Each structure stands twice: as structure tokens, then as C-alpha cells.
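Observations on chain architecture
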Amino acid sequence: MIASAFGVLFDGFAYGMLLFLLSVGLSVTLGMMNFVNLAHCSFAMLGGYVAVSVTNDLGWPFLVSLPVAFVAAAVASVAFERLLYRRLYRATDLDQCLLTIGIVFISVAVAAYVYGTIQQPLNVPSYLRGTISVMGQSVGVYRLFLIGVSLLVTLLLVATLEYTRFGAQVRAAVDNQRMARGLGINVDRVFAITFALGSGLAGLGGALAVEIVGLDHAFAFTYLVYVLIVVAVGGLGSIAGSFVAATLLGISDMAGKYYFPELGAFLIYFVMVTLLMWRPLGLFGRR
Amino acid sequence: MTSSAAAEPQRYLEAQIRWRPLEIAFWLATLLPFVLTPNYLLLASQIAITALFALSLDLILGYAGIVSLGHAAYFGFGSYTAGLIAKWGWGEPLTGLIIAAAAAGVLGYLTSFIIARFRHLALIMITLGLGLLLAEAANSASWLTGGADGLQGVRMWKLLGMFQFDLFGTTAYSYSLAVLFLLFLVARRVIHSPFGLALRGIRENAVRMPAIGAASPAHIRKVYTIAAVMAGVAGALLAQTTETVSLETLSFQRSADVLVILILGGAGRLYGGIVGAIIYMVARDQLSGINPQYWYFWIGTLLVAVVIFLPNGILGGLARLMPARRSPA
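Sequence positions are assigned chain by chain, starting from 1 and proceeding in written order. Following the order in which they are written, the chains are lettered starting with A and the ligands numbered starting with 1. Local features in this predicted model are restricted to residues whose pLDDT is 70 or higher, and side-chain atom pairs enter the listing and the counts only when it is 80 or higher, whereas totals over whole chains, interfaces and linings include all residues.

**Some details on the overall build of chain A**
- What counts as a helix is a DSSP run of H or I of at least four residues, what counts as a strand is a run of E of at least two, and both are numbered from the N terminus. The secondary structure content of chain A amounts to eleven helices and two strands.
- Start at the N end of chain A and walk to the C end: the helices and strands fall as α-α-α-α-β-β-α-α-α-α-α-α-α.
- A radius of gyration in this sense is built from C-alpha atoms; the matching globule rule multiplies 2.2 Å by the number of residues raised to 0.38. For 287 residues, the compact-globule estimate of 2.2 N^0.38 gives 19 Å, and chain A sits close to it at 19 Å.
- For chain A, the spread of C-alpha atoms along the principal axes amounts to about 60 × 45 × 35 Å.
- For every residue, the other C-beta atoms within 10 Å of its own C-beta are counted; 20 or more classify it as buried, 12 or fewer as exposed, and values in between as partly exposed. C-beta atoms are placed from the backbone. Relative to its 287 residues, chain A shows a buried fraction of 49%.

This is the structure in C-alpha cells:
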């Protein structure tokens, strides 16, 4: 079956938006504190499980479960930041990698313990199911919804960063942490808030991902590689970079799956390695 | 290390290379499984292979400071080379091992030109990407590798024409241990040479080394190739002793596991990888028997604890308990 080019582009873009939500928080925190947080997807997975639990077990509407997932992931991330991450801000990349990959291991095992190893079902309300026809092309309603939410989040993010005092502090801290401290900005506080927001967005992404890619206990591992690719290709601390990289990755992955299924994920890894060899700092990286 | 930095470099290196009683005792103790736990020789053989793999990662990570998330590429490449040679009708173990080592070395040498150009996150991502690329390629080329079913039909001849690879693993462990010891001697010689000192210099300050005239990229290429050869040998040993090769030898999981093993034991300590491999493999063998799914809970907890409480791994912690004795660095 040959899918239409439009269908591939649309599905790829929706997938890319999902990857953007999952990775933008990591990109900003990595750019600000140089803290390699491989457990970022664990917070996304937490968001996914919270959304599944409140809709299936408590019977809350799906649209309510999304902000709940956001808050749950944000609160959990604050706890981890206070207890563990804070000790390692000045440690080496390797130590940070290891601590956070340890957290990934633990989260995967805990998820398997609580929810088992099967795929979690999520009942999406009927008005988000099915397809509608846009300009003669049939598109999935849920994917349209996903794109809408992601674009809204992106707009909010950009507006916050560009036009608020807090956003200015974040930009200053990403550009030059020491100088920002010197000017009296409480970088630790700014960072803690950014970290919570970024993890919350990952949680939201995790909740939205259940319908598209499914959710099981290995989620934190499976999507870690994708998120890292987005961050590395987009460049640290760059929202625009993450956006472009996530879109590129989503579309090329989807195109690869439709047109060259025998190659598997070969294509995206190849694109990543080539891009990084051409620009080691990512497409939009500056340092 | 700092205390003797002012002393004559030559005398420092000579003092380092002397064998300590603890080291000799350690290597004698590796013979104990033959007597004490003859039913676990296959596990012991796996441990020796993992230890060799961890030792090869130690050369680049512990000494040259190159963080790699794709080291399994060379392990798997060696494994498939050795497996394919045996499958195509040449089951002689030693020549197969050498050919596999050479193949992994060539791959390591070619990729080292890429590796030497990058640092930090880009380096981590490129090693990860190269490893995933090779794994995907092996998955796609199922006519050659057997794909997800693994490589079947590997038949090994007798080792040295005398010793059959038996079910109990006596030959397998003797063979793996002998190869591990030989390559350990090589690694020990390498890191206690001026070249080894240059590597540590790169780890400590990558910018300063070229500034004082050291040919850092060439050093990185050299040590990366050596490490790739050793990883290839480890992979070939696994293929020859188990007479099968699976895609798992190339997986990200294996790259991550060996990193964890090395860090648990203590990176940059030569014995770190070996100690880490013993603890990790024995613990996995015991705990997986209880419940394989939750094995990762314990390994994760262990990792967090090591990073927070024992920044230099288990050997580093022991060395701190014995400040009077200098650990074999």
C-alpha cells in the first residue's frame, strides 16, 4: 500500500509535535544547567500512567486528565530535583548520566510492578476518534487535536520566554549562567521552575502519546533515544531548534516506515549522525 | 597520583608497573571456580568475557575520558565475524579470534576518525547513533546475520586441536580466562606507558593537551582502535563459547550494561571493569532467578547509590577506606 504524500506528511508532523512536547523541557534545562537528565522520559511515562489511571479508574474526562498529568509530572520532578539532582549540578556529564539512567531503570521496574508489562489502553472520547475530511484529504481527528495542543503550547512557551520577566531571566541564564548570577538573578530558582515546567510538558506529552504510540513500562527507554536525538540535533537550549528537529525527525521516521519499512529505524539514525557530524552543536546550537 | 607528580616521570611509571601482592592473589583467585563452583563455569566464562569488554571500555572511558554509548558495536562486530567464519566452515577458535579482532580493529580505526573530532553531548550521541546504525544494519541483513533469530549453525573445532567445548564450560572458562589475562597484560602495559599518561592528560584537560604539544587526536584514534580490538575479542569469545550470535550483542542495552558495570566497579582503575563484571553478573544470575523484571530496580538503585555515595565506584570506595595503601591505579 502506498500512502499519499499528504498523509505521511500529516502523520509525521503530528508525531513530530509529540516528540517536541516530550523533548522541549530537556532541551531548555540542558542548555541552562548543562544537566544531562536522561530520566526526562520517566516523567513523560509518569504523565502517561497518571492519565490512564484517572480516566480509566476514576472515570474523569480525558481533557481533564491532561492537566492532571502535567501537574503530576511537574510535582514529581520538583521532588527529584530537590532530593537528588541538586547534588550533582557541578558533577561530570558521566555522573549525571549515570544517576539519571539509574532513575530510568527504577522507574521502568516500578511501572512494570504497578501496571504490569502490557500496553495500557486509554479511552479517548468519541469526539476525538475517527477521521474528518479536510480539503479532500481524510485526517485523524486525534492527530489534529494533538497538533493543535502542541502549537498552542509552543505559542505559550515562546510568548512566556520572549515577553515576560521570567522568560528574560531564563534566556539570560541559558546564555551565560555566571553573568546572570552576577546580575542578581536567582538562577537556582529559575532553573527549578523551568525544570518543573519542562517535566510537566513531558508529562503532558506522555499523556497525549498513549493514543498514538501506546504506553508500556519500557516507554522511558524507548523514547529516550528519540528525545536525545531531538535535543542534540536541535541544539541545546533552543526552542526553535527543538521544534525544527522534532518535525524533521517525526516526518522522516514516518516516511521511512511507510516507504522503506525494511530499513527500520536505520534512516533516522543515519540522518542524526550525518547532521551531528556536519554541525556538532546541533542545527541551532550556539556554544 | 598528585603526590608523585613532581617525581621523575620515569620512576613514577616504573613504580606503577610493579606487581602488587593483591594483584597476584586476585589472578590466582580467578582459578578458584574450577575447584569451588564447577557447576558455574559457564557463568564464570560469561563473567570473564564481560570483564574483558568492560576493560576495553575502561581504556577509552576511564583513561581517555571518551564517553561511549555505542561500544557494543565492536563487541557485536567481533561476535558476528567469529560466528560467520565458523559457520562458513573454519571452526578453528584461535585463528577465528584473531580474524575477528582484526575486523573489529579495522572498524574501530575507521570510526575513530569521527570519534576524535567530537566531545561532550555530540560525542555521546554520535557513538550512540553509530551503535544503533550497526544494530539496524545487522537486523536488516538477515540473509547474512539470521536477523532476529540469531546466527545458527556455528560449530567450533577443538581448542588447540585437543579440548572440546563441553557442556560444563571447563574449556570455555579456561579459554576466556586465558585471553582475558593476556589482554589485561596488554592493557596494563598500555596505561603504564607514557602513552597512557597522555591519555589521562586528555581526560583531565582535553584543551590543554594539544596546547602543550601532545597529538591528542592521534592518541584518541590509537586508544580507540585498541579498545575496539579488545571489545571484538570479547564478542568473538562469546560467539565461540556459546556457538551462537544474537542481535543482542549489538544492542544499546549491551552498551549501557557495560557502562554500568564499569562505573559500579570504578572507571580508570584497570580492575574496575573486572570487579564490576563479577558483582553484576553474579547478582543478575541470582536476582533474575527470583524475578527477572525487577532486576532493573536493583541495578538502578545501586547506580544512584554509587553516584551519590561512591563517586569512584566500588574500588574507589575501598581505596578511600585504605588511605595508607595506594590502590592499583
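Moving on from the model shown.
**Some points on the overall build of chain B**
- For chain B, the count of helices and strands is 16 helices and zero strands.
- Considering only C-alpha atoms, chain B reaches an extent of 60 × 45 × 40 Å along its principal axes.
- Taking all 329 residues of chain B together, 48% fall into the buried category.
- Contacts here follow a simple rule: the backbone-placed C-beta atoms of the two residues must lie within 7 Å. Pairs at least 24 residues apart make up 79% of the contacts formed inside chain B by residues separated by at least 6 positions.

**Thoughts on the interface of chain B and chain A**
- Every contact between the two is made by 30 residues of chain B and, on the other side, 30 residues of chain A.
- When residues of the side of chain B that touches chain A are assigned to their parent elements, the largest contribution, 13 residues, is made by helix 7 (residues 120–140) of chain B.
- Tallied by class, the residues present in the side of chain B that touches chain A amount to 22 nonpolar, seven polar and one charged. The residue classification treats Ala, Val, Leu, Ile, Met, Phe, Trp, Tyr, Cys and Pro as nonpolar and Asp, Glu, Lys and Arg as charged. All others, Gly included, are polar.

**What to know about the environment of Val8 of chain A**
All names here are of chain A.
- For Val8, the location among the structural elements is in helix 1 (residues 5–33).
- Judged by local crowding, Val8 falls into the partly exposed class, with 18 C-beta atoms found within 10 Å.
- Along the backbone, Val8 and Ala168 are 160 residues apart, and their C-alpha atoms lie at a distance of 38 Å.

**Observations regarding the environment of Gly167 of chain A**
Residue and element names in this part refer to chain A.
- Mapped onto the fold, Gly167 is located in helix 6 (residues 165–175).
- It is 8.9 Å that separates the C-alpha atoms of Gly167 and Leu157, two residues lying ten residues apart in sequence.
- With residues near it in sequence (within four places) discarded, Gly167 still touches Thr160, Leu161 and Glu162.

**Comments concerning helix 7 of chain B**
- By this rule the span expected of a helix is its residue count minus one, scaled by 1.5 Å. Along its 21 residues, helix 7 of chain B runs 30 Å from first to last C-alpha, staying within 8% of the 30 Å computed at 1.5 Å per residue.
- With 16 of 21 residues buried, helix 7 of chain B lies mostly within the body of the structure.

**A word on unusual backbone geometry**
Residues and elements named next belong to chain B.
- Backbone geometry at Glu243 places phi at a positive 55°, although glycine is not the residue there.
- Within the secondary structure, Glu243 is located in the loop between helix 12 (216–242) and helix 13 (252–265).
- Under the C-beta neighbour-count criterion, Glu243 is labelled partly exposed, with 17 such atoms within 10 Å.
- In this model, Leu270 sits at a positive phi of 65°, which is unusual for a non-glycine residue.

**Considerations on the confidence of the model for chain B**
Residues and elements named next belong to chain B.
- With 95% of its residues at a pLDDT of 70 or more, chain B shows a mean pLDDT of 85.
- Within chain B, the lowest mean pLDDT, 76, falls on helix 16 (residues 313–321), and the highest, 93, falls on helix 12.
- Note on scores: pLDDT gives the predictor's confidence for each residue, bounded by 0 and 100. Of the regions scoring below 50 in pLDDT, residues 325–329 engages in ten contacts with residues more than four places distant in sequence or in other chains.
- The ipTM value of the predicted complex is 0.78, and its pTM value is 0.83.

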